[in-house]
Amino acid sequence: MADIAILSAVQAFLHKQHGQFIDGAARSGSGTRTIDVVDPATERTIASVSSAGSADIDAAVASAQAAFHGAWARTLPYQRGVLLNRLADLVEANAEELAQLETLCTGKSIHLSRMIDVGQSAIFLRYFAGWATKITGETITPSMPSMQGEQYTAFTRREPIGVIGAIVPWNFSMMIGVWKIAAALTTGCTVVVKPSEFTPLTLLRLAELAVEAGIPPGVVNILNGYGDAGQALIEHRGIAKVSFTGSAATGVKVGQGAMAANLTRCTLELGGKNAAVLLPDVNVYGAVAGLLQTGFVHQGQVCAAPERVFVHRSRIDEVLDKMSGGLAQLNIGSPLDEAVQFGPLANKPQLDKVLGYLDEARRQGQVCHGGRRLDRAGYFVEPTLVRAGSADDVLMREETFGPVISFLPFDDEDELLGWINDSPYGLSASVWSNDLSRVFRLIPRIQAGTVWVNMHTFLDPSVPFGGSKGSGIGREFGSAFISDYTELKSVIMRF
Ligand code: NAD
């Protein structure tokens, strides 16, 4: 097969001089740095973006504040829902353009960009649109005794918290931005988003679509830049709440910076070292298919992906054999080729990091499939399986965020739980078995924000998602996000 044709709209967008999107319009940045956007499949620079300077950051926050107190405050809840649905319509109408931009910037296969970054973004927008009319407080009858026959009643209001400073990583550059934009807008907040410096384009296009949908200027602003721009944004005194998704190391800095700046509320969605457990009765065919899909989708660059797999000793050879057979069938190549299932890593630092882990695995003599960089242009590495020597191995402990799964046999359930939980992370885990009694006993003992059964990495807008322990603070989706994007006000009345 061959690469799909790049739409003329995409080519035109790539050739524009990009910068920021502030107060409903594109602007070049006042920063001193230029961000080169590199296609990871070819290593060619495909666009350039001027970075935000402090004047842009002030302007974006001022615009978001004006909209928060002005046009957006006057927009009724049902209208907010209508506008988010209109944005979803426009995402669908411009699906191929957005998908091609996402693939060119991230190396994600085109069918995945179409299905996830575009298709699921529309679903998330529609889900959050529904919440706009359903955010409520409580009525309360106070218990304090009356002194002179007076009575009391009380109620709570959920008020939008203000301007959200959202920081987004590169792996799902549009969809993770959409999660934060939709949560902000449905609750009545406005937002300034800083995309990753590796993927600055899709959210710029989404912001144009937001204006086309009728969302007032200033409600959605995009600032492009490196970490320093992100830091200036989260420490800005006009930001009421920070919503960060990225690595644990940056998340700690962001949390500390936001607190120190202005006691700014903060939710952190961070990395993971996600465990999958295959119990003795596992359906090996189903588990292998599930692990191949969720461990290697987007070249393993998914925060919740299974990175360490504990297999009952009686099944591990069979599992590794079938995993290896499955990987041998994987079609590796250009992410713009519709027949390809596995493309390049998303950027050069990510390539260097993953190659470091592959070197480590080879040094330990643990690689049982793959393990090397591919000899071609682009940031391609082989999908890799590692048979670990112990739960303390580097590849069993550190997040690779790449196409590398490590396997370890287990015999004893208590020892297994010790290994799973002896990790700074607690994002997700999965258990593969039809022995439901055993599964339900394991679930409360696993320290993770999400546990899947006979599946892995299934995110749905109605189900809260977030990390325990070092994987983060707060939850996205479901009703759980509402408390993070609103301030609770209590009103007590005497009558
Ligand atoms: P990263 O932490 O390097 O960067 C994330 C974002 O933070 C980027 O936009 C970056 O410019 C910005 N940034 C960097 N330094 C900053 C600072 N001092 N202050 C403010 N912002 C700063 O992460 P990454 O490499 O882009 O993403 C990969 C990581 O994200 C992985 O660890 C992955 O597990 C995690 N992730 C988590 C989730 C989740 O929902 N839990 C989802 C996707 C990715």
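Would you take a moment to explain the overall build of the protein for this structure?
The helix and strand tally for the protein stands at 16 helices and 22 strands. Here the protein has a C-alpha radius of gyration of 24 Å; the compact-globule value for 495 residues is 23 Å, and the two agree. Expressed as lengths along the three principal axes of its C-alpha atoms, the size of the protein is roughly 75 × 65 × 40 Å. Looking at the 495 residues of the protein, the share that counts as buried comes to 56%. Residue pairs in contact within the protein that sit at least 24 positions apart in sequence constitute 74% of those at least 6 positions apart. For the protein, the exposed surface amounts to about 19600 Å²; the carbon and sulfur share of it is 53%. Here the protein carries 41 positive and 49 negative side-chain charges, and the mean point of each set is 4 Å from the other.

So what exactly am I meant to see when it comes to the packing of helix H5 (residues 110-131) against helix H6 (residues 175-186) here?
Contact geometry for H5 and H6: axes closest at 9 Å, N-to-C directions at 10°. By the angle between their directions, the pair H5 and H6 is classed as roughly parallel. Judged by the twist between their axes, the crossing of H5 over H6 is right-handed. Residue-level inspection shows Ile 116, Asp 117, Gln 120, Ser 121, Phe 124, Leu 125, Phe 128, Ala 129 and Trp 131 of H5 in contact with H6, the latter providing Met 175, Val 178, Trp 179, Ala 182, Ala 183 and Thr 186. Its residues assigned to classes, the contact of H5 with H6 comprises 11 nonpolar, 3 polar and 1 charged.

Quick question: what am I supposed to make of the sheet that holds strand S5 (residues 139-140) here?
A sheet is described by the order of its strands in space; here 3 strands give the open sequence S5-S6-S22, paired in antiparallel fashion. If you trace the sheet from one side to the other, it starts and ends with S5 and strand S22 (486-494), each paired once. Pairing of S5 with strand S6 (residues 152-160), which is carried by 2 bridges, proceeds in the antiparallel orientation. Along S6, the bridge assignment pairs Thr 139 with Phe 155.

Please explain the packing of helix H10 (residues 284-296) against helix H11 (residues 316-328) as it appears in this structure.
Relative orientation and spacing of two packed helices are given, respectively, by the angle between their axes and the distance between those axes. Here H10 crosses H11 at 50°, and the two axes come no closer than 10 Å. If you check the angle between H10 and H11, you find them oblique. Crossing hand, H10 versus H11: right-handed. Residues Val 284, Val 288, Leu 291, Leu 292 and Phe 296 of H10 touch H11, and the partners they reach there are Glu 318, Val 319, Lys 322, Met 323, Gly 326 and Leu 327. In terms of residue class, the contact of H10 with H11 is made up of 8 nonpolar, 1 polar and 2 charged.

Where do I start with the sheet that holds strand S12 (residues 274-278) in this structure?
Sheet architecture is open: 7 strands sit in the order S14-S15-S16-S13-S12-S18-S19, paired in mixed fashion. Each of the sheet's edge strands pairs with one partner strand only, and the pair in question is strand S14 (367-369) and strand S19 (450-453). Strand-to-strand twist across the sheet, computed as the mean angle between neighbouring axes with direction ignored, equals 25°. Its contacts with the sheet put H11 on S12, strand S13 (306-312), S14, strand S15 (384-387) and strand S16 (404-410), and the angle it makes with S15 is roughly 160°. Packed on one face of the sheet, helix H14 (residues 413-421) meets S12, S13 and S16 and runs near 175° to S13.

Definitions and limits used
Residues numbered from 1 in each chain as written. Predicted model: local features only at pLDDT ≥ 70, side-chain atom pairs only at ≥ 80, totals over all residues. Heavy atoms only, no water. Helix = DSSP H or I, 4+ residues; strand = E, 2+ residues; numbered from the N terminus. Rg over C-alpha atoms; globule rule 2.2 N^0.38 Å. Buried < 20%, exposed > 50% of the residue type's maximum accessible area, 1.4 Å probe, protein only. Contact = heavy atoms within 4.5 Å. Areas by Shrake-Rupley, 256 points an atom, 1.4 Å probe, with all protein chains shown as cover. Lys, Arg positive; Asp, Glu negative; His and termini not counted. Charge placed at Lys NZ, Arg CZ, Asp CG, Glu CD. Axes fitted to C-alpha atoms, helices over the stretch in contact; angles between N-to-C directions. Parallel < 35°, antiparallel > 145°, perpendicular 65-115°, else oblique. Left-handed = near helix turned anticlockwise from the far one by under 90°. Nonpolar A, V, L, I, M, F, W, Y, C, P; charged D, E, K, R; others polar. Pairing = 2+ DSSP bridges.

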